[in-house]
Amino acid sequence: MIALIARKDLLERGRDGRLYWAGSVVLVLLFIALAVGYGRQSEVRAEQKAAQALDYKDWLSQDQRHPHDAAHQGMHAFKPEAALAIVDPGITPYIGGTLWLQAHRQSEVKFRPAQDATGLQRFGDLSVGWIMQVLGPLLVIVLGFNAFAAERENGILRQTLSLGVSPLQLLWGKALALAASLAALLTPAALAAAVVVTLGADAGEGLDALQRFAALALGYALYLAIFIFLALGVSAASSTSRVALTVLLALWIGNAVIAPRVMSELSRHWHPSPTKLEFSKALSAGLKSEADRAWQMAFGTTERWGRDVPLNKWGYALQLDDQTGYAVYDRLYGQLWDTYERQQALQAWSGLVLPVLAVRAFSMGMAGTDFVHHRDFTTAAETHRRTIQDIMSRDLVANADPLGNQHFAYQAGPELWSQVKPFDYHPPAAIWALRRSLMSLSILGGSLLLTLAFAYAAVVRQRAL
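Conventions we followed
- Residues numbered from 1 in each chain as written.
- Predicted model: local features only at pLDDT ≥ 70, side-chain atom pairs only at ≥ 80, totals over all residues.
- Heavy atoms only, no water.
- Helix = DSSP H or I, 4+ residues; strand = E, 2+ residues; numbered from the N terminus.
- Rg over C-alpha atoms; globule rule 2.2 N^0.38 Å.
- Contact = heavy atoms within 4.5 Å.
- Expected span 1.5 Å × (residues − 1).
- Buried < 20%, exposed > 50% of the residue type's maximum accessible area, 1.4 Å probe, protein only.
- Polar contact = N/O pair within 3.5 Å; in protein donor to acceptor, adjacent residues only side chain to side chain.
- Salt bridge = Lys/Arg side-chain N within 4 Å of Asp/Glu carboxyl O.
- Core = buried A, V, L, I, M, F, W, Y, C linked by side-chain atoms within 4.5 Å.

> Can you lay out the overall build of the protein chain for me, pointing to particular residues and giving the numbers?
For the protein chain, the count of helices and strands is 16 helices and two strands. Computed over the C-alpha atoms, the radius of gyration of the protein chain is 29 Å, more than 25% above the 23 Å expected from 2.2 N^0.38 for a compact globule of 465 residues. Principal-axis analysis of the C-alpha atoms places the extent of the protein chain at approximately 100 × 40 × 35 Å. In the protein chain, the proportion of contacts linking residues at least 24 apart, taken out of those at least 6 apart, comes to 82%.

> Tell me about helix 13 (residues 355–367), and please be specific about residues and values.
Between its terminal C-alpha atoms helix 13 stretches 18 Å, which fits the 18 Å expected from 13 residues at 1.5 Å a residue. The element helix 13 is largely enclosed, with a buried count of 11 among its 13 residues. Turning to helix 13, its buried residues number three or more, namely Pro355, Val356, Leu357, Ala358, Val359, Phe362, Ser363, Met364, Gly365, Met366 and Ala367. Looking one or two residues past helix 13, Gly368 carries a phi angle of roughly 80°, positive in sign.

> Now, about the side chain of Thr324: what can you tell me, with residues and values included?
The residue Thr324 is located in helix 12 (residues 314–349) in this model. Within the local environment of Thr324, its side chain forms a polar contact with the backbone oxygen of Leu320, the two atoms lying 2.9 Å apart.

> Provide a residue-level description of the pattern of salt bridges, including the pertinent values.
Per the counting criterion, the structure on display carries 15 salt bridges. For the salt bridge of Asp202 with Arg45, the shortest nitrogen-to-oxygen distance reads 3.3 Å. With a gap of 157 residues between them, Asp202 in the loop between helix 8 (167–200) and helix 9 (206–237) and Arg45 in helix 2 (residues 18–60) connect regions that are remote in the sequence. When its relative accessible area of 24% is taken as the criterion, Asp202 is described as partly exposed. The exposure class assigned to Arg45 is buried, which follows from its relative accessible area of 9%. The structure contains a network of salt bridges with shared partners spanning Asp330, Glu382, Arg385 and Arg386.

> Tell me about the nonpolar core, and name the residues and values.
Core analysis: the largest hydrophobic core is formed by 76 residues, its most contacted members being Leu30, Leu84, Leu182, Tyr223 and Leu232. The element that contributes the greatest number of residues to this core is helix 9, accounting for 18 residues. Tyr223 has contacts with Met132, Gln133, Pro137, Asn255, Pro355, Val356, Val359 and Leu444, leaving out every residue within four places of it along the chain. In terms of nonpolar packing, the next biggest core, distinct from the first, is built from 25 residues, Trp59, Ala71, Val420 and Phe423 among them.

> Describe in detail unusual backbone geometry, supporting the description with residues and values.
For His104, which is not glycine, the phi dihedral falls at a positive 70°. Within the secondary structure, His104 sits in the loop between strand 2 (98–101) and helix 5 (128–144). According to the relative accessible area criterion, His104 is partly exposed, its value standing at 25%.

> Would you mind going over the environment of Ala177 in detail, with residue names and values included?
Here Ala177 shows up in helix 8. Taking the C-alpha atoms as reference points, Ala177 and Ser267, 90 residues apart in sequence, are found 38 Å from one another. Ignoring anything within four residues of it in the chain, the contact list for Ala177 reads Ala6, Asp9, Leu10 and Arg13.

Below you can see the structure in the form of C-alpha coordinates.
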(Lines give C-alpha, C1' and ligand atoms only; values in the text may rest on other atoms or scores of the structure.)
Protein backbone atom coordinates (compact mmCIF):
# COMPACT_ATOMS: atom_id res chain seq x y z
CA MET A 1 0.00 0.00 0.00
CA ILE A 2 2.83 2.40 0.87
CA ALA A 3 4.48 1.71 -2.50
CA LEU A 4 1.19 2.25 -4.35
CA ILE A 5 0.63 5.58 -2.64
CA ALA A 6 4.21 6.64 -3.43
CA ARG A 7 3.86 5.60 -7.09
CA LYS A 8 0.61 7.54 -7.48
CA ASP A 9 2.16 10.70 -5.97
CA LEU A 10 5.25 10.40 -8.16
CA LEU A 11 3.15 10.13 -11.30
CA GLU A 12 1.09 13.18 -10.36
CA ARG A 13 4.21 15.18 -9.51
CA GLY A 14 5.68 14.31 -12.87
CA ARG A 15 2.55 15.37 -14.73
CA ASP A 16 2.23 18.83 -13.20
CA GLY A 17 5.86 19.74 -14.03
CA ARG A 18 6.95 20.94 -10.59
CA LEU A 19 9.47 18.16 -10.21
CA TYR A 20 11.18 18.99 -13.49
CA TRP A 21 11.17 22.77 -13.32
CA ALA A 22 11.95 23.31 -9.64
CA GLY A 23 14.35 20.39 -9.54
CA SER A 24 16.19 21.51 -12.66
CA VAL A 25 16.83 24.96 -11.21
CA VAL A 26 18.29 23.53 -8.01
CA LEU A 27 20.30 20.92 -9.91
CA VAL A 28 21.83 23.52 -12.24
CA LEU A 29 22.74 25.71 -9.26
CA LEU A 30 24.39 22.76 -7.53
CA PHE A 31 26.57 21.98 -10.55
CA ILE A 32 27.47 25.67 -10.95
CA ALA A 33 28.40 25.86 -7.27
CA LEU A 34 30.58 22.76 -7.61
CA ALA A 35 32.38 24.16 -10.64
CA VAL A 36 32.92 27.56 -9.03
CA GLY A 37 34.04 25.97 -5.76
CA TYR A 38 36.51 23.65 -7.47
CA GLY A 39 38.02 26.50 -9.50
CA ARG A 40 38.31 28.73 -6.46
CA GLN A 41 39.83 25.97 -4.34
CA SER A 42 42.41 25.07 -6.99
CA GLU A 43 43.47 28.72 -7.22
CA VAL A 44 43.63 29.22 -3.46
CA ARG A 45 45.63 26.03 -2.90
CA ALA A 46 48.15 26.94 -5.58
CA GLU A 47 48.59 30.40 -4.07
CA GLN A 48 48.96 29.00 -0.54
CA LYS A 49 51.57 26.43 -1.53
CA ALA A 50 53.57 29.00 -3.48
CA ALA A 51 53.36 31.55 -0.68
CA GLN A 52 54.37 29.00 1.99
CA ALA A 53 57.37 27.86 -0.07
CA LEU A 54 58.51 31.42 -0.81
CA ASP A 55 58.07 32.47 2.81
CA TYR A 56 60.22 29.60 4.07
CA LYS A 57 62.77 30.29 1.35
CA ASP A 58 62.99 33.90 2.60
CA TRP A 59 63.57 32.57 6.10
CA LEU A 60 66.42 30.30 5.02
CA SER A 61 68.05 32.95 2.80
CA GLN A 62 68.47 35.52 5.56
CA ASP A 63 71.91 37.10 5.78
CA GLN A 64 74.10 36.91 8.86
CA ARG A 65 72.12 38.65 11.61
CA HIS A 66 71.26 38.68 15.29
CA PRO A 67 68.82 35.81 16.05
CA HIS A 68 66.46 38.19 17.82
CA ASP A 69 66.12 40.21 14.62
CA ALA A 70 65.38 37.00 12.74
CA ALA A 71 62.71 36.11 15.28
CA HIS A 72 61.04 39.46 14.64
CA GLN A 73 60.99 38.72 10.94
CA GLY A 74 59.38 35.37 11.69
CA MET A 75 57.44 33.55 9.04
CA HIS A 76 53.85 33.03 7.95
CA ALA A 77 51.58 30.03 8.43
CA PHE A 78 48.90 29.38 5.83
CA LYS A 79 45.84 27.35 6.71
CA PRO A 80 45.39 24.60 4.07
CA GLU A 81 42.12 24.77 2.17
CA ALA A 82 39.93 21.89 3.35
CA ALA A 83 38.91 19.42 0.62
CA LEU A 84 35.22 19.86 1.48
CA ALA A 85 35.43 23.64 1.41
CA ILE A 86 34.14 23.12 -2.14
CA VAL A 87 30.89 21.98 -0.55
CA ASP A 88 30.75 24.30 2.46
CA PRO A 89 33.31 27.12 2.90
CA GLY A 90 31.93 27.73 6.40
CA ILE A 91 33.56 30.54 8.34
CA THR A 92 36.73 30.57 6.22
CA PRO A 93 35.78 33.67 4.16
CA TYR A 94 35.12 35.58 7.39
CA ILE A 95 37.99 34.45 9.58
CA GLY A 96 40.88 34.11 7.14
CA GLY A 97 43.72 31.62 7.13
CA THR A 98 47.09 33.40 7.40
CA LEU A 99 49.08 33.89 10.61
CA TRP A 100 52.30 35.84 11.11
CA LEU A 101 54.55 33.92 13.47
CA GLN A 102 56.44 36.85 14.96
CA ALA A 103 58.46 37.34 18.12
CA HIS A 104 56.80 38.00 21.49
CA ARG A 105 53.24 38.04 20.16
CA GLN A 106 50.56 35.52 19.32
CA SER A 107 49.11 36.96 16.14
CA GLU A 108 45.54 37.11 14.90
CA VAL A 109 44.49 35.69 11.56
CA LYS A 110 44.85 38.11 8.67
CA PHE A 111 43.57 38.59 5.11
CA ARG A 112 39.90 37.64 5.45
CA PRO A 113 38.29 37.29 2.00
CA ALA A 114 35.06 38.84 3.31
CA GLN A 115 36.92 42.11 3.89
CA ASP A 116 37.25 42.53 0.12
CA ALA A 117 33.70 41.44 -0.66
CA THR A 118 30.66 43.58 -1.40
CA GLY A 119 27.55 43.90 0.74
CA LEU A 120 26.07 40.90 -1.08
CA GLN A 121 28.41 38.72 1.02
CA ARG A 122 25.85 38.95 3.82
CA PHE A 123 23.45 36.83 1.78
CA GLY A 124 25.96 33.99 1.62
CA ASP A 125 28.25 32.43 -0.94
CA LEU A 126 26.95 30.30 -3.78
CA SER A 127 28.04 26.95 -2.42
CA VAL A 128 26.56 23.48 -2.29
CA GLY A 129 26.06 23.89 1.45
CA TRP A 130 24.17 27.16 1.08
CA ILE A 131 21.94 25.73 -1.67
CA MET A 132 21.11 22.64 0.40
CA GLN A 133 20.48 24.63 3.57
CA VAL A 134 18.37 27.39 2.00
CA LEU A 135 16.97 26.17 -1.32
CA GLY A 136 16.71 22.48 -0.36
CA PRO A 137 13.80 23.07 2.06
CA LEU A 138 12.16 25.39 -0.48
CA LEU A 139 12.30 22.60 -3.06
CA VAL A 140 10.63 20.23 -0.58
CA ILE A 141 7.91 22.80 0.07
CA VAL A 142 7.25 23.35 -3.64
CA LEU A 143 6.93 19.61 -4.21
CA GLY A 144 4.93 18.71 -1.10
CA PHE A 145 2.82 21.64 0.07
CA ASN A 146 -0.40 20.22 -1.44
CA ALA A 147 0.26 16.53 -0.75
CA PHE A 148 -2.77 16.30 1.57
CA ALA A 149 -4.50 19.63 1.08
CA ALA A 150 -5.15 19.14 -2.64
CA GLU A 151 -6.63 15.69 -2.04
CA ARG A 152 -8.89 17.10 0.65
CA GLU A 153 -10.05 19.85 -1.70
CA ASN A 154 -10.83 17.27 -4.41
CA GLY A 155 -12.55 14.86 -2.03
CA ILE A 156 -9.94 12.15 -2.65
CA LEU A 157 -8.54 12.07 0.89
CA ARG A 158 -11.85 11.08 2.49
CA GLN A 159 -12.32 8.31 -0.07
CA THR A 160 -8.80 6.99 0.48
CA LEU A 161 -9.25 6.81 4.25
CA SER A 162 -12.66 5.18 3.85
CA LEU A 163 -11.04 2.31 1.92
CA GLY A 164 -9.16 1.25 5.04
CA VAL A 165 -5.83 2.90 4.30
CA SER A 166 -4.27 3.77 7.65
CA PRO A 167 -2.99 7.30 8.34
CA LEU A 168 0.49 5.89 8.90
CA GLN A 169 0.49 4.15 5.50
CA LEU A 170 -0.68 7.36 3.87
CA LEU A 171 2.00 9.39 5.59
CA TRP A 172 4.83 7.00 4.76
CA GLY A 173 3.67 6.60 1.17
CA LYS A 174 3.70 10.34 0.55
CA ALA A 175 7.00 10.75 2.41
CA LEU A 176 8.50 8.00 0.25
CA ALA A 177 7.31 9.79 -2.90
CA LEU A 178 8.89 13.05 -1.78
CA ALA A 179 12.12 11.31 -0.77
CA ALA A 180 12.29 9.49 -4.10
CA SER A 181 11.77 12.77 -5.97
CA LEU A 182 14.60 14.42 -4.07
CA ALA A 183 16.86 11.39 -4.50
CA ALA A 184 16.32 11.39 -8.27
CA LEU A 185 17.36 15.05 -8.39
CA LEU A 186 20.18 15.13 -5.87
CA THR A 187 21.92 11.78 -6.43
CA PRO A 188 23.67 12.94 -9.64
CA ALA A 189 24.83 16.09 -7.88
CA ALA A 190 26.03 14.04 -4.89
CA LEU A 191 28.04 11.69 -7.12
CA ALA A 192 29.57 14.65 -8.96
CA ALA A 193 30.41 16.30 -5.63
CA ALA A 194 32.09 13.11 -4.37
CA VAL A 195 34.27 13.02 -7.49
CA VAL A 196 35.16 16.71 -7.22
CA VAL A 197 35.98 16.39 -3.52
CA THR A 198 38.23 13.40 -4.20
CA LEU A 199 40.03 15.24 -6.99
CA GLY A 200 40.45 18.29 -4.78
CA ALA A 201 41.90 16.38 -1.82
CA ASP A 202 45.63 16.47 -1.17
CA ALA A 203 47.71 13.35 -1.68
CA GLY A 204 46.80 10.72 0.90
CA GLU A 205 43.67 12.54 2.07
CA GLY A 206 41.18 11.23 -0.51
CA LEU A 207 39.73 8.51 1.75
CA ASP A 208 39.36 10.93 4.65
CA ALA A 209 37.57 13.42 2.38
CA LEU A 210 35.15 10.72 1.21
CA GLN A 211 34.43 9.70 4.81
CA ARG A 212 33.67 13.30 5.65
CA PHE A 213 31.47 13.60 2.56
CA ALA A 214 29.51 10.46 3.50
CA ALA A 215 28.80 11.86 6.96
CA LEU A 216 27.86 15.19 5.38
CA ALA A 217 25.39 13.44 3.06
CA LEU A 218 23.78 11.74 6.07
CA GLY A 219 23.36 15.09 7.81
CA TYR A 220 21.70 16.69 4.80
CA ALA A 221 19.45 13.64 4.34
CA LEU A 222 18.17 14.12 7.91
CA TYR A 223 17.75 17.83 7.27
CA LEU A 224 15.63 17.34 4.15
CA ALA A 225 13.65 14.57 5.90
CA ILE A 226 12.71 17.10 8.57
CA PHE A 227 11.17 19.34 5.93
CA ILE A 228 9.48 16.42 4.20
CA PHE A 229 7.49 15.60 7.34
CA LEU A 230 7.01 19.28 8.15
CA ALA A 231 5.52 19.89 4.68
CA LEU A 232 3.30 16.84 4.95
CA GLY A 233 2.15 17.76 8.45
CA VAL A 234 1.31 21.34 7.53
CA SER A 235 -0.44 20.16 4.35
CA ALA A 236 -2.52 17.71 6.39
CA ALA A 237 -3.40 20.34 9.00
CA SER A 238 -4.28 23.11 6.50
CA SER A 239 -7.75 23.63 5.07
CA THR A 240 -6.49 24.51 1.57
CA SER A 241 -3.36 24.26 -0.52
CA ARG A 242 -3.00 28.03 -0.46
CA VAL A 243 -2.99 28.09 3.35
CA ALA A 244 -0.44 25.25 3.46
CA LEU A 245 1.86 27.06 1.01
CA THR A 246 1.60 30.33 2.95
CA VAL A 247 2.38 28.68 6.27
CA LEU A 248 5.29 26.69 4.87
CA LEU A 249 6.83 29.72 3.16
CA ALA A 250 6.56 31.66 6.41
CA LEU A 251 8.32 28.81 8.23
CA TRP A 252 10.97 28.67 5.51
CA ILE A 253 11.67 32.42 5.77
CA GLY A 254 11.94 32.14 9.54
CA ASN A 255 14.27 29.14 9.31
CA ALA A 256 16.50 30.33 6.47
CA VAL A 257 16.58 34.10 6.83
CA ILE A 258 15.52 35.29 10.28
CA ALA A 259 16.67 32.50 12.62
CA PRO A 260 20.43 32.58 11.88
CA ARG A 261 20.66 36.31 12.51
CA VAL A 262 18.46 36.30 15.62
CA MET A 263 20.21 33.35 17.23
CA SER A 264 23.61 34.83 16.44
CA GLU A 265 22.67 37.96 18.37
CA LEU A 266 21.11 35.98 21.23
CA SER A 267 24.15 33.73 21.58
CA ARG A 268 26.41 36.77 21.86
CA HIS A 269 24.05 38.22 24.46
CA TRP A 270 23.99 35.05 26.60
CA HIS A 271 27.70 34.31 26.13
CA PRO A 272 29.26 37.74 25.59
CA SER A 273 32.74 37.90 24.13
CA PRO A 274 35.10 40.81 24.84
CA THR A 275 35.69 43.54 22.30
CA LYS A 276 39.07 43.67 20.62
CA LEU A 277 40.07 46.61 22.85
CA GLU A 278 39.00 44.82 26.04
CA PHE A 279 40.84 41.67 25.03
CA SER A 280 44.01 43.59 24.17
CA LYS A 281 43.95 45.38 27.53
CA ALA A 282 43.48 42.11 29.43
CA LEU A 283 46.26 40.48 27.42
CA SER A 284 48.69 43.35 28.02
CA ALA A 285 47.90 43.39 31.74
CA GLY A 286 48.35 39.63 32.03
CA LEU A 287 51.66 39.66 30.17
CA LYS A 288 52.98 42.52 32.29
CA SER A 289 51.95 40.84 35.54
CA GLU A 290 53.64 37.54 34.65
CA ALA A 291 56.73 39.28 33.30
CA ASP A 292 57.10 41.44 36.42
CA ARG A 293 56.89 38.38 38.65
CA ALA A 294 59.41 36.41 36.56
CA TRP A 295 61.89 39.31 36.22
CA GLN A 296 61.70 40.07 39.94
CA MET A 297 62.60 36.49 40.73
CA ALA A 298 65.34 36.24 38.10
CA PHE A 299 66.92 39.70 38.21
CA GLY A 300 65.57 41.41 41.34
CA THR A 301 63.82 44.10 39.32
CA THR A 302 60.62 44.64 37.36
CA GLU A 303 62.23 47.17 35.03
CA ARG A 304 62.61 45.29 31.79
CA TRP A 305 65.76 45.84 29.75
CA GLY A 306 67.16 48.27 32.34
CA ARG A 307 70.65 48.65 33.79
CA ASP A 308 69.99 45.97 36.39
CA VAL A 309 69.98 43.32 33.63
CA PRO A 310 73.54 42.93 32.30
CA LEU A 311 74.07 42.27 28.62
CA ASN A 312 75.43 38.82 29.38
CA LYS A 313 71.88 37.93 30.54
CA TRP A 314 69.88 39.45 27.70
CA GLY A 315 69.51 36.19 25.80
CA TYR A 316 68.21 34.51 28.93
CA ALA A 317 65.95 37.53 29.58
CA LEU A 318 64.43 37.24 26.10
CA GLN A 319 63.87 33.55 26.64
CA LEU A 320 62.26 34.20 30.02
CA ASP A 321 60.09 36.99 28.61
CA ASP A 322 58.68 34.71 25.94
CA GLN A 323 58.14 31.64 28.08
CA THR A 324 56.35 33.49 30.88
CA GLY A 325 53.88 34.82 28.32
CA TYR A 326 52.91 31.40 26.99
CA ALA A 327 50.59 30.63 29.91
CA VAL A 328 48.92 34.04 29.59
CA TYR A 329 48.24 33.50 25.89
CA ASP A 330 46.91 30.00 26.54
CA ARG A 331 44.59 31.20 29.29
CA LEU A 332 43.13 34.28 27.62
CA TYR A 333 42.90 32.90 24.10
CA GLY A 334 41.49 29.68 25.53
CA GLN A 335 38.77 31.62 27.37
CA LEU A 336 37.96 33.59 24.23
CA TRP A 337 37.78 30.47 22.06
CA ASP A 338 35.68 28.65 24.66
CA THR A 339 33.23 31.55 24.53
CA TYR A 340 32.97 31.26 20.76
CA GLU A 341 32.35 27.53 21.04
CA ARG A 342 29.61 28.08 23.66
CA GLN A 343 27.95 30.56 21.30
CA GLN A 344 28.02 28.02 18.50
CA ALA A 345 26.74 25.25 20.77
CA LEU A 346 23.76 27.40 21.79
CA GLN A 347 22.96 28.07 18.13
CA ALA A 348 23.23 24.35 17.37
CA TRP A 349 20.83 23.42 20.22
CA SER A 350 18.24 25.80 18.80
CA GLY A 351 18.32 23.50 15.78
CA LEU A 352 15.65 21.38 17.50
CA VAL A 353 13.11 23.97 16.29
CA LEU A 354 15.30 25.79 13.73
CA PRO A 355 17.00 22.91 11.89
CA VAL A 356 19.08 25.13 9.61
CA LEU A 357 21.27 26.04 12.59
CA ALA A 358 21.93 22.40 13.45
CA VAL A 359 22.70 21.37 9.87
CA ARG A 360 24.89 24.41 9.37
CA ALA A 361 26.98 23.48 12.42
CA PHE A 362 27.20 19.84 11.31
CA SER A 363 28.02 20.76 7.72
CA MET A 364 30.87 23.10 8.68
CA GLY A 365 32.17 20.57 11.20
CA MET A 366 32.39 17.72 8.70
CA ALA A 367 33.68 20.03 5.94
CA GLY A 368 36.50 21.14 8.26
CA THR A 369 35.52 24.80 7.95
CA ASP A 370 34.09 25.45 11.42
CA PHE A 371 35.66 27.18 14.41
CA VAL A 372 36.82 23.91 16.02
CA HIS A 373 39.03 23.17 13.02
CA HIS A 374 40.20 26.77 12.90
CA ARG A 375 41.17 26.57 16.57
CA ASP A 376 43.17 23.41 15.88
CA PHE A 377 45.06 25.18 13.08
CA THR A 378 45.70 28.28 15.22
CA THR A 379 47.02 26.13 18.07
CA ALA A 380 49.39 24.32 15.70
CA ALA A 381 50.64 27.62 14.27
CA GLU A 382 51.22 29.04 17.74
CA THR A 383 53.17 25.91 18.70
CA HIS A 384 55.39 26.46 15.66
CA ARG A 385 55.87 30.11 16.59
CA ARG A 386 57.03 29.11 20.05
CA THR A 387 59.41 26.58 18.54
CA ILE A 388 61.00 29.37 16.49
CA GLN A 389 61.30 31.57 19.56
CA ASP A 390 62.81 28.81 21.68
CA ILE A 391 65.41 27.94 19.02
CA MET A 392 66.47 31.59 18.66
CA SER A 393 66.58 32.13 22.43
CA ARG A 394 68.64 29.01 23.09
CA ASP A 395 71.15 30.14 20.49
CA LEU A 396 71.39 33.58 22.10
CA VAL A 397 71.94 32.08 25.55
CA ALA A 398 74.64 29.77 24.21
CA ASN A 399 76.47 32.17 21.87
CA ALA A 400 75.53 35.82 22.50
CA ASP A 401 75.34 36.00 26.29
CA PRO A 402 78.97 34.84 26.80
CA LEU A 403 80.08 37.84 24.71
CA GLY A 404 78.92 40.26 27.42
CA ASN A 405 79.03 43.83 26.13
CA GLN A 406 79.41 42.47 22.60
CA HIS A 407 76.07 40.65 22.88
CA PHE A 408 74.54 42.47 19.90
CA ALA A 409 77.63 41.95 17.79
CA TYR A 410 76.82 38.25 17.59
CA GLN A 411 75.38 37.13 14.28
CA ALA A 412 74.03 33.75 13.31
CA GLY A 413 73.81 32.27 9.83
CA PRO A 414 71.99 29.69 7.71
CA GLU A 415 72.99 26.84 10.00
CA LEU A 416 70.69 28.32 12.65
CA TRP A 417 67.86 29.24 10.29
CA SER A 418 67.75 25.67 8.96
CA GLN A 419 67.04 24.34 12.46
CA VAL A 420 63.53 25.77 12.04
CA LYS A 421 61.52 23.32 9.97
CA PRO A 422 58.80 24.52 7.56
CA PHE A 423 55.31 24.80 8.96
CA ASP A 424 53.44 21.65 7.97
CA TYR A 425 49.83 21.37 9.13
CA HIS A 426 47.42 18.53 8.42
CA PRO A 427 43.76 18.80 9.52
CA PRO A 428 42.41 16.21 11.97
CA ALA A 429 40.90 12.98 10.65
CA ALA A 430 37.23 12.53 9.78
CA ILE A 431 36.51 10.53 12.95
CA TRP A 432 37.83 13.45 15.05
CA ALA A 433 35.46 15.80 13.26
CA LEU A 434 32.53 13.41 13.60
CA ARG A 435 33.02 13.05 17.36
CA ARG A 436 32.88 16.83 17.73
CA SER A 437 29.83 17.07 15.49
CA LEU A 438 27.77 14.31 17.11
CA MET A 439 25.77 16.86 19.09
CA SER A 440 24.61 18.63 15.92
CA LEU A 441 23.80 15.29 14.28
CA SER A 442 21.81 14.21 17.35
CA ILE A 443 19.91 17.50 17.32
CA LEU A 444 18.98 16.90 13.68
CA GLY A 445 17.74 13.44 14.67
CA GLY A 446 15.69 14.93 17.52
CA SER A 447 14.19 17.56 15.23
CA LEU A 448 13.27 14.83 12.75
CA LEU A 449 11.42 12.90 15.47
CA LEU A 450 9.51 16.05 16.45
CA THR A 451 8.37 16.76 12.90
CA LEU A 452 7.51 13.09 12.35
CA ALA A 453 5.30 13.17 15.45
CA PHE A 454 3.66 16.39 14.26
CA ALA A 455 3.01 14.97 10.78
CA TYR A 456 1.55 11.74 12.18
CA ALA A 457 -0.76 13.65 14.55
CA ALA A 458 -1.94 15.89 11.70
CA VAL A 459 -2.66 12.92 9.42
CA VAL A 460 -4.46 10.93 12.15
CA ARG A 461 -6.67 13.96 12.71
CA GLN A 462 -7.97 13.61 9.14
CA ARG A 463 -9.82 10.42 10.05
CA ALA A 464 -11.79 12.28 12.70
CA LEU A 465 -12.83 15.08 10.32
